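Chain residues, written in single-letter form:
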Amino acid sequence: MNTQSGLEYSTDQDGQHTPSSNDNQTSMALLKRLLYPRSIALVGASERSPWSRLLHANIRRVGFEGQVFAINKTGAAAHGYPGYQSCRDLPGEVDAAYLLVPLDAVLDAFDDAIAAGIRSMVILTSGFAESGAEGAQLQQQLVNRAPPLARCFWGQTAWALPI
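How each quantity is defined
- Residues numbered from 1 in each chain as written.
- Predicted model: local features only at pLDDT ≥ 70, side-chain atom pairs only at ≥ 80, totals over all residues.
- Heavy atoms only, no water.
- Core = buried A, V, L, I, M, F, W, Y, C linked by side-chain atoms within 4.5 Å.
- Buried < 20%, exposed > 50% of the residue type's maximum accessible area, 1.4 Å probe, protein only.
- Helix = DSSP H or I, 4+ residues; strand = E, 2+ residues; numbered from the N terminus.
- Contact = heavy atoms within 4.5 Å.
- Phe/Tyr/Trp six-rings, centres within 6.5 Å; stacked < 30°, edge-to-face > 60°.
- Pairing = 2+ DSSP bridges.
- Right-handed = clockwise from strand over helix to strand, strands pointing away.
- 1 Å grid on protein atoms, 1.4 Å probe; cavity = no way out; pocket = protein on both sides within 12 Å on 5 of 7 lines; lining within 4 Å.
- Points joined across faces, edges and corners; volume = space filled by probe spheres on them.
- Nonpolar A, V, L, I, M, F, W, Y, C, P; charged D, E, K, R; others polar.
- Salt bridge = Lys/Arg side-chain N within 4 Å of Asp/Glu carboxyl O.

Draft legend 1. Looking closely at the nonpolar core. Of all hydrophobic cores here, the largest spans 23 residues; its most connected members are Ala 41, Val 43, Leu 99, Phe 110, Ile 118 and Met 121. Within the residue set of this core, elements represented by two or more residues are strand 4 (39-43), strand 5 (67-71), strand 7 (96-99), helix 3 (106-115), strand 8 (120-124) and helix 4 (133-145). The element that contributes the greatest number of residues to this core is helix 3, accounting for six residues. Setting aside residues up to four positions removed in sequence, Leu 99 forms contacts with Val 43, Ala 109, Phe 110, Met 121, Val 122, Ile 123 and Leu 124. Judged by nonpolar contacts, the second largest core, of 14 residues, contains Ala 45, Tyr 81, Tyr 98 and Leu 100.

Draft legend 2. Spotlight on the packing of aromatic side chains. For the structure on display, the rule yields one aromatic pair. Considering the side-chain rings of Phe 69 and Tyr 84, the 5.8 Å spacing of their centres and the 70 degrees angle between planes classify their relative orientation as edge-to-face. Here the residue Phe 69 occupies a position in strand 5, and Tyr 84 occupies one in strand 6 (residues 83-84), the gap between them amounting to 15 residues. Look at Phe 69 and you get buried, because its relative accessible area is 3%.

Draft legend 3. Spatial organisation of the pairing of strand 5. In terms of burial, strand 5 is a largely internal element, four of the five residues being buried. In this sheet, strand 5 lies alongside strand 4 in parallel orientation, the contact comprising five bridges. Bridged to Leu 42 within strand 5 is Ala 70. Where the polypeptide runs from strand 4 across helix 2 (residues 50-61) and back to strand 5, its parallel neighbour, the crossover connection is right-handed. Where strand 5 and strand 6 come together, two bridges link them in parallel fashion. Its bridge partner lying in strand 6, Ala 70 is registered against Gly 83.

Draft legend 4. Up close: the layout of surface pockets. The computed volume of the largest pocket comes to approximately 600 Å³. In terms of lining residues, the largest pocket is bounded by 23 residues, among which Gly 44, Ile 71, Asn 72, Lys 73 and Val 101 are the most central. No other element matches helix 3, which puts three residues into the lining of the largest pocket. Grouping the constituent residues of the lining of the largest pocket by class yields eleven nonpolar, six polar and six charged. Of the volumes computed, that of the second largest pocket is approximately 230 Å³. Taken together, Leu 34, Leu 35, Tyr 36, Pro 37, Ile 40, Leu 55, Asn 58, Ile 59, Val 62, Phe 64 and Tyr 98 make up the full set of residues lining the second largest pocket. Every element with two or more residues in the lining of the second largest pocket is listed here: helix 1 (23-35) and helix 2.

Draft legend 5. Expanded view of the pattern of salt bridges. Under the counting rule described, the total for this entry stands at six salt bridges. Notably, a salt bridge pairs Arg 33 with Asp 95, separated by 4.0 Å at the nearest N-O pair. Of this pair, Arg 33 sits in helix 1 while Asp 95 is found in the loop between strand 6 and strand 7, placing the two residues 62 residues apart along the sequence. With relative accessibility at 26%, the residue Arg 33 sits in the partly exposed group. Asp 95 gets classed as buried once you look at its relative accessible area, which sits at 2%.

Put into structure tokens, the structure is as follows:
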């Protein structure tokens, strides 16, 4: 039994993930964090970002009552949410992160969120496999970094990732 990102999983002699009876329960728990989070990190949040403004408007529209944090290079607050420079600086557990960063910052943002214990993410950027070989390579790097139980990517240019 191995443990990666706080999840237990079995591997075969080739090191490949082996499904277990707990996989369905784990997958459902991770999906619940993504769809019904208690707390959210907006990575790349700023007053100028259209994605950031849209997410903020939707968070307000649905009456979300959980904590929301703004993560950006300066650690500045955005949309009235407290600001931090890194997901690792956040107080307490965060259920879901929206990565609203440029393509060249996705891997660092992804790694930061994983290091902070965030297990569900939505990546809102383009330039992956739909854009050609270089984007496909970056997309594969993300897949390779995702823990074994979390290789569920949705959409062409917006990915949801329960990790």
